Amino acid sequence: MESDKKTLKDMTLEELWQLFPIVLVPHNPQWKYWAREEIALLSALLSGYNPTINHIGSTAVPDIYAKPIVDILVEVSADIDRLLIKPIMEGGGYVCMSESERRVSFNKGYTPEGYAEKVFHIHFHISGDNDEIFFRDYLIAHPEVGKEYERLKLSLLPKYRNNRDGYTEAKTEFVRQVTDLAKHEYL
């Protein structure tokens, strides 16, 4: 008997957004351990490429609501051919979600039934393209700004629960302003 279930690759963006809505939950202390485990796995997979790997995103910021998706930034030298990295990542169980000239994004933990227990977004950038670290560090150093970011995300949730692109776009100006503050403070 052939399955009627669509694979994730067969689904439209709207179907994917329905299956994987934006969910915000209180901070889970386990996220840092999940990130460490995944970073160790990535370090082993990519050992020949000398990556710099960091836990980023809201799951890296204590005490704020976040999507239960661990974001990890992998920085590699500009002279590394990402076409060589893609099959390594796919062989490690990651799915390539987007590619541009300077960035590649992989996901792990999305199933035809919905989210797995552990979900990861792996962001490959050229070394030095790491504004996410400035943003993360500023939110950690300034918990009141972290709480402001949390309030913004919670306020956007009703409108954008099934529109990840809209949700991200609606946060962009806040993220840019805080990143600029962080660079001014840290550089």
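Just so we're clear, the structure is a prediction, and the values are computed from it rather than from any experiment.

**Q** What am I meant to see in the packing of helix α4 (residues 131-141) against helix α6 (residues 164-186) here?
**A** Packed helices, taken two at a time, are described by the angle their axes make and the gap between the axes. Close contact between α4 and α6 brings their axes to 8 Å; oriented N to C, the two are set at 85°. It follows that α4 is roughly perpendicular to α6 by the angle criterion. Contacts from Asp131, Phe134, Phe135, Asp137, Tyr138, Leu139 and Ala141 in α4 reach Phe174, Val175, Val178, Thr179, Leu181, Ala182, Lys183, Glu185 and Tyr186 in α6. For the contact of α4 with α6, the class distribution of residues is 11 nonpolar, 1 polar and 4 charged.

**Q** How should the pattern of salt bridges be read in this particular structure?
**A** Here the idea is simple: oppositely charged side chains can pair when their charged atoms come close. One pass over the full model with this rule turns up 10 salt bridges. A salt bridge links Arg82 to Glu99, with the shortest nitrogen-to-oxygen separation between them at 3.4 Å. With Arg82 in helix α3 (residues 82-91) and Glu99 in strand β3 (residues 95-99), this residue pair connects regions lying 17 residues apart in the sequence. The partly exposed category is assigned to Arg82, whose relative accessible area is 32%. Residue Glu99 is joined to Lys86 by a salt bridge in which the shortest nitrogen-to-oxygen separation is 2.9 Å. With Glu99 in strand β3 and Lys86 in helix α3, the pair connects residues that are 13 residues apart, well separated along the chain.

**Q** Where do I start with the side chain of Asp71 in this structure?
**A** Looking at the secondary structure, you find Asp71 in strand β2 (residues 70-76). Buried Asp71, no salt bridge; nearest opposite-charge side chain is Lys67, N-O distance 5.5 Å. Polar contacts involving the side chain of Asp71 include one to the side chain of His123, which spans 2.7 Å. Setting aside residues no more than four positions away along its own chain, Asp71 makes contact with Asn54, His55, Ile56, Gly57, Thr59, His121 and His123.

**Q** Before we go on, may I ask you to explain the pairing of strand β4 (residues 103-111) in this structure?
**A** Looking down a regular strand, the side chains alternate between one sheet face and the other. Both β3 and β4 contribute to a ladder of 4 bridges, which runs antiparallel. Paired with Val95 across the strands is Asn107, a residue of β4. Hairpin remark: β4 followed by strand β5 (residues 114-126), antiparallel, with 2 residues in the connecting loop.

Analysis parameters
Residues numbered from 1 in each chain as written. Predicted model: local features only at pLDDT ≥ 70, side-chain atom pairs only at ≥ 80, totals over all residues. Heavy atoms only, no water. Axes fitted to C-alpha atoms, helices over the stretch in contact; angles between N-to-C directions. Helix = DSSP H or I, 4+ residues; strand = E, 2+ residues; numbered from the N terminus. Parallel < 35°, antiparallel > 145°, perpendicular 65-115°, else oblique. Contact = heavy atoms within 4.5 Å. Nonpolar A, V, L, I, M, F, W, Y, C, P; charged D, E, K, R; others polar. Salt bridge = Lys/Arg side-chain N within 4 Å of Asp/Glu carboxyl O. Buried < 20%, exposed > 50% of the residue type's maximum accessible area, 1.4 Å probe, protein only. Lys, Arg positive; Asp, Glu negative; His and termini not counted. Polar contact = N/O pair within 3.5 Å; in protein donor to acceptor, adjacent residues only side chain to side chain. Pairing = 2+ DSSP bridges.

Purely geometric numbers; function is a separate question.
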